[in-house]
Amino acid sequence: MLRTTLATLRQPRYVALTIVMVFVALVCVGAGTWQIVRFDEKVRANDALTANAHDAAVPVRAVLPLVGGHSPSADAVRFRSVVATGTYDPSAQGLVRLRSVGGIEGFYVLTPLRTSTATLLIVRGFMAALADGSAPSDVPAPPSGVVSVRAQAEAGETKTDLAGGLPSGQLLSINPADQAGRLGGAVFNGYADLKKGEPGTRGLTVIPPPSLSNPAGGAVEPQHFAYIIQWYLFALLALAAPLAMARAERRESQSGDTPELAAEEQRAAKLADRYGRALR
C-alpha cells in the first residue's frame, strides 16, 4: 500500500498539490513561530507590570525622567507607586476626553502638581459626562497649599492633546511634551493616577487599580499558547493532505468500495487534479 501510494504521489497533479501544501505549511509554521514570540512578550510584560504594582513607593523622580530626556518604556513605568510633594496648579487643569471608568464614559481630571524638581501631571480622578456628552462644569477644586500624594505612575501618551482645537479646558490625550510647552519649566515625562483617599480625590471617582490577572491587556497568555498549537496543527494537516488524498485514490482503484466511499475518494482526486492544473 505504501509503495502504491508513493507512486500516486509522483503523479504531476499530486506533485503540484504537495508544493502548494508545503507552502501552506510554511506559512502556518511562520504564524506559529510569531505566536511564540508574542507569547514570550506577553509573559515578560505581565511579569514586569505585576512586579511594578508590588514594588514599594519611591519618589517620582526615580521613575519618571523629564521631558526632553530619554523616554522610559511603558513596562518600566506603568503601575509603579510614586510619591510627590508640591502644590496643585488649578489654572492649568484640563479634562481629558473619551475616558471611561466602570463602563461609564466621561473625563479624567488632569491637574499639574508643581514640585521642587518639576511639574507632575496628576489624574486626580474621573467625572462622568453629562447626558448630552458634554463636560461637567462643577469640577471639584484641588486642595490649596503644599500636599504630599501617593499615585500610580503611567507612561505619557504620544498622541497630540489638541488643546487648541477642543472646547476650552479639554484635552484629547495626556501628552507631557505638549503640556511642557504650555506649563513652562521642567515636566516629568509621564503622569500619575492618584490613589484612593489622597489629597485631590475628594468629589471625584478614583481611577481603579489595575487588574493583575492580565495587566498588559489584550489576549491572555493561554490564548497565545492555544494559537501556537493551532498553527502548528494546521501545518501538520497541510503536509498530511496529499498523502491522505493519494491513499484514498489508491483504495478506490484497488478495491470494490461502496458507492458512497468511491464518490468521496473521487472528490479528493478531483481536488488534487484541480490544484495540479492550476500550477501548470
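Report follows, based on the coordinates. Quick caveat, the model's predicted, so the values are computed rather than measured. (Residues numbered from 1 in each chain as written. Predicted model: local features only at pLDDT ≥ 70, side-chain atom pairs only at ≥ 80, totals over all residues. Heavy atoms only, no water.)

### A word on helix H4 (residues 176–183)
Threshold: Using a 1.4 Å probe on the protein chains alone, a residue whose accessible area is under 20% of its type maximum counts as buried, one over 50% counts as exposed, and one in between counts as partly exposed. In this description a helix means any DSSP run of H or I spanning at least four residues, a strand means any run of E spanning at least two, and both kinds are numbered starting from the N terminus. This arc corresponds to the set of directions leading from the helix axis out to the C-beta atoms. We call two residues contacting when some pair of their heavy atoms lies within 4.5 Å. Pairing of N or O atoms within 3.5 Å defines a polar contact, subject to two protein rules: one partner must be a possible hydrogen donor and the other a possible acceptor, and residues neighboring in sequence count only if both atoms are side-chain atoms.
Within H4, burial applies to Pro176, Gln179, Ala180 and Leu183. All buried residues of H4 fall inside an arc of 105° around its axis, so they share one side. On its buried face, H4 is in contact with strand S4 (104–115), strand S5 (119–128), strand S7 (170–171) and strand S8 (187–194). The opening residue of H4, the one whose side-chain oxygen lies 3.0 Å from the backbone nitrogen of Ala177, is Asn175. Just beyond H4, the residue with positive phi is Gly184, at close to 75°.

### Let's talk about the side chain of Ser81
Within the secondary structure, Ser81 sits in strand S2 (residues 81–88). Looking at Ser81, the relative accessible area reads 9%, which means it is buried. At 2.6 Å, the side chain of Ser81 and the side chain of Lys195 are in polar contact. Leaving out residues up to four positions away in the same chain, Ser81 has contacts with Asn52, Asp55, Ala56, Ala57, Val58, Ala151 and Lys195.

### Observations regarding the pattern of salt bridges
Which entries qualify depends on this criterion: Salt-bridge detection follows one rule: a side-chain nitrogen of Lys or Arg within 4 Å of a carboxyl oxygen of Asp or Glu.
Counted by the stated rule, this structure contains 8 salt bridges. For Arg38, the salt bridge goes to Glu41, with nearest N and O atoms at 3.3 Å. Of this pair, Arg38 and Glu41 are both found in helix H2 (residues 12–54), 3 residues apart, which corresponds to roughly one turn of the helix. Of the charged contacts, one joins Glu154 and Arg78 as a salt bridge, the two residues approaching to 3.3 Å between their closest N and O atoms. With Glu154 in strand S6 (residues 146–154) and Arg78 in the loop between helix H3 (74–77) and S2, this pair connects stretches of sequence that are 76 residues apart.

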